[in-house]
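# Observations on the three-dimensional arrangement
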Amino acid sequence: MSVSTDQPAVAPAHFPRQIAVLILVTVACSFGGNHVAARLAFENGTGLLLAILCRSGVALAILIALVIWQRQTIRLPAGSRKWQVLLGILVTIQSLCLYSAVARIPVALALLTANSFPIILALLTWGLGGARPTLKSAALMLFILSGLVLALDVPGVLAMDGDIGTNWWQGIGFAMGAATSFAVALWVTDHKLSVMRGSVRSMFTMLIVFVSMIIAGFAELVPGGMALPSAMPGWFGLGALVLLYGGAFSVLFISVPRLNMARNASVMNMEPIATLLFGWVVLDQMISPAQMAGGLVVITGIVILTVRKSA
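Residues numbered from 1 in each chain as written. Predicted model: local features only at pLDDT ≥ 70, side-chain atom pairs only at ≥ 80, totals over all residues. Heavy atoms only, no water.

## Here we look at the environment of Thr300
With respect to the helices and strands, Thr300 occurs in helix α13 (residues 289–310). Since its relative accessible area comes to 32%, Thr300 is described here as partly exposed. Note: C-alpha distance between Thr300 and Met270 (30 residues apart in sequence) is 9.7 Å. (Helix = DSSP H or I, 4+ residues; strand = E, 2+ residues; numbered from the N terminus. Buried < 20%, exposed > 50% of the residue type's maximum accessible area, 1.4 Å probe, protein only.)

Here it is, written out as structure tokens:
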């Protein structure tokens, strides 16, 4: 598995844009369905660690097969080992936080909050010596934050005078934790591990996530974290999240060289919309029209921010 070829690689031709968009829409819907399936699994007794273990195990198997198929070297570049370990830990934290949020608040709101990571990444990059956000970028960030406040119905929550359950606050906190850890992971990837092939870097990352879940499970760090589903809907949710995540992960990684991501990546931001629809159909989770409008503001702002950066 450590064999690599020295012949120059020829970049594959891009799919027609309609095909690329259709693939990305399918992938986004699958990722969104994965989160809804996870909530269904959690509501029927499935342990948090077990869900992440199964998901990361499937992703790891796919990546190992891809690395073998592409005959890539798995030797880490000099000085990259500690950053690769850090990346794996950050993605582990992100997975734990996101699924913890999904288990506590409506799935669409958890995903919308977690999708605020571009703002955190921009500020982190600036704080660590990168480019300062332009006035237009800063205005877009404020636009996204205003939509997030509306989507989360923060004024309504504050007006409840403490009647809101602790699950809401914990869910928002976990979602923000997922956004923060993912933003830091992206910074590490871009600034410390960019010389590594994406599939190799992702393989080691998933390996760390997978091993971390096993260790956490044996150590019982999360009460009931390895619990099996207690009812048939839980088994269905667990199986669906593994299949949806594994399928989307496979299609995205295999197809990404032909998808012209610089032009089409913003299509992936429809994931929260798909999650909202699936959450309504499968879980009967409804949010108010004002919250829907706030979610639309968030998604619009993120799409514009993404398109401006890739232009």
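Back to the write-up after that little detour.
## Concerning the nonpolar core
Counting 51 residues, the largest nonpolar core has Val27, Phe31, Tyr99, Met206 and Leu241 as its most contacted members. Among the secondary structure elements, those contributing two or more residues to this core are α1 (17–43), α2 (48–69), α3 (81–102), α5 (117–127), α8 (166–192), α9 (198–219) and α10 (232–255). Tyr99 has contacts with Asn34, His35, Ala38, Phe42, Leu48, Ala51, Ile52, Arg55 and Leu241, leaving out every residue within four places of it along the chain. Core analysis: the next-biggest nonpolar cluster, separate from the first, contains 24 residues, Met141, Leu148, Ala175 and Leu283 among them. (Core = buried A, V, L, I, M, F, W, Y, C linked by side-chain atoms within 4.5 Å. Contact = heavy atoms within 4.5 Å.)

## Remarks on the side chain of Arg201
With respect to the helices and strands, the residue Arg201 is situated in helix α9. Asp190 provides the closest opposite charge to the buried, unpaired Arg201, separated from it by 8.3 Å. Of note is the side chain of Arg201, whose polar atom sits 3.0 Å from the backbone oxygen of Leu193. Every residue in contact with Arg201, bar those within four places of it in the chain, is listed here: Gln84, Leu87, Thr189, Leu193, Ser194 and Met196. (Lys, Arg positive; Asp, Glu negative; His and termini not counted. Salt bridge = Lys/Arg side-chain N within 4 Å of Asp/Glu carboxyl O. Polar contact = N/O pair within 3.5 Å; in protein donor to acceptor, adjacent residues only side chain to side chain.)

## Overview of the side chain of Glu271
Checked against the element boundaries, Glu271 lands in helix α12 (residues 271–283). Despite its burial, Glu271 pairs with no opposite charge; the closest candidate is Arg55, at 8.0 Å N-O.

## Some thoughts on the pattern of salt bridges
Under the defined criterion, the tally for this structure stands at one salt bridge. Its salt-bridge partner being Arg39, residue Glu43 comes within 3.0 Å of it at the nearest N-O pair. Remark: Arg39 and Glu43 occur in helix α1; sequence separation between them is four residues, near one turn of the helix. Owing to a relative accessible area of 12%, Arg39 belongs among the buried residues under this scheme.

## A closer look at the packing of aromatic side chains
Counted under the stated rule, the structure contains five aromatic pairs. Seen in terms of ring centroids, Phe117 and Phe182 are 4.9 Å apart; in terms of plane orientation they differ by 85°. Their pairing is edge-to-face. Taken together, the residues Phe117 in helix α5 and Phe182 in helix α8 connect sequence positions 65 residues apart. By way of ring pairs, the aromatic residues Phe31, Tyr245 and Phe249 are connected into one cluster. Its end group placed over the ring of Tyr99, Arg55 keeps NZ or CZ at 4.9 Å from the ring centre. (Phe/Tyr/Trp six-rings, centres within 6.5 Å; stacked < 30°, edge-to-face > 60°. Lys NZ or Arg CZ within 6 Å of the ring centre and 35° of its normal.)

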